[in-house]
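# Breakdown of the fold
Residues per chain are reported as follows:
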Amino acid sequence: MAHKKGVGSSRNGRDSNPKYLGVKRFGGEFVRAGTIIVIQRGTKFHPGRNVRRAANDTLFTTIDGHVKFEHKNKQRFRVSVYPVATEAAKN
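Heads up: these notes are all about the structure in this document. (Residues numbered from 1 in each chain as written. Predicted model: local features only at pLDDT ≥ 70, side-chain atom pairs only at ≥ 80, totals over all residues. Heavy atoms only, no water.)

## Some details on the overall build of the protein
Looking only at helices and strands, one finds one helix and eight strands in the protein. Mapped from its N terminus to its C terminus, the protein presents α and β elements in the order β-β-β-β-β-β-β-β-α. Counting only residues that meet the buried cut, the protein has 21% of its 91 residues in that class. Put simply, of all contacts in the protein between residues at least 6 apart along the chain, 42% involve residues at least 24 apart. For the protein, the accessible surface area stands at approximately 7,300 Å², while carbon and sulfur atoms represent 51% of it. (Helix = DSSP H or I, 4+ residues; strand = E, 2+ residues; numbered from the N terminus. Buried < 20%, exposed > 50% of the residue type's maximum accessible area, 1.4 Å probe, protein only. Contact = heavy atoms within 4.5 Å. Areas by Shrake-Rupley, 256 points an atom, 1.4 Å probe, with all protein chains shown as cover.)

Structure representation (structure tokens):
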């Protein structure tokens with residue numbers, strides 16, 4: 001039996017579509033409620049204040065505010081969203 005296939009067909013003609021993973025909103029940016037902050041596989045970034053994790057580990061905001069990336073501990077990052085201070089709250 002031949003160990004090499006004859007002419008014509010190629011074995012390597014497969015490729016998957018791009019998944020567009022990564023950070024979508026960066027630290028200090030203003031975001032609206034429901035905005036996706038990070039699309040990830042696994043939990044490289046963990047949810048912090050006012051951030052939730054979807055079933056596919058995507059992080060999204062629950063309030064309007066500014067994004068902040070923080071250290072959870074030495075190995076892990078946490079993503080939080082803090083509300084914008086208004087003039088009425090300052091007085």
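## Observations concerning the packing of aromatic side chains
To describe a pair of aromatic rings, one takes the distance between the centres and the angle between the planes. This model, assessed by the stated rule, comprises two aromatic pairs. When the ring of F45 is compared with that of F77, the centres are 5.9 Å apart and the planes differ by 40°; the resulting orientation is tilted. With F45 in strand β4 (residues 45-47) and F77 in strand β8 (residues 77-82), the pair connects residues that are 32 residues apart, well separated along the chain. (Phe/Tyr/Trp six-rings, centres within 6.5 Å; stacked < 30°, edge-to-face > 60°.)

## Comments concerning the environment of F60
With respect to the secondary-structure elements, F60 resides in strand β6 (residues 59-61). With a relative accessible area of 28%, F60 lands in the partly exposed category. C-alpha of F60 to C-alpha of T35: the two residues are 25 residues apart in sequence and 5.5 Å apart in space. With residues up to four places along the chain from it excluded, the contact list for F60 reads G34, T35, I36, I37, N50, V51, R52, R53 and A54.

## Concerning the pairing of β8
Inspection of the sheet shows β4 paired to β8 by three bridges, in the parallel sense. Looking across to β8, one finds that H46 is bridged to R78. (Pairing = 2+ DSSP bridges.)

So yeah, pure geometry; function would need other evidence.
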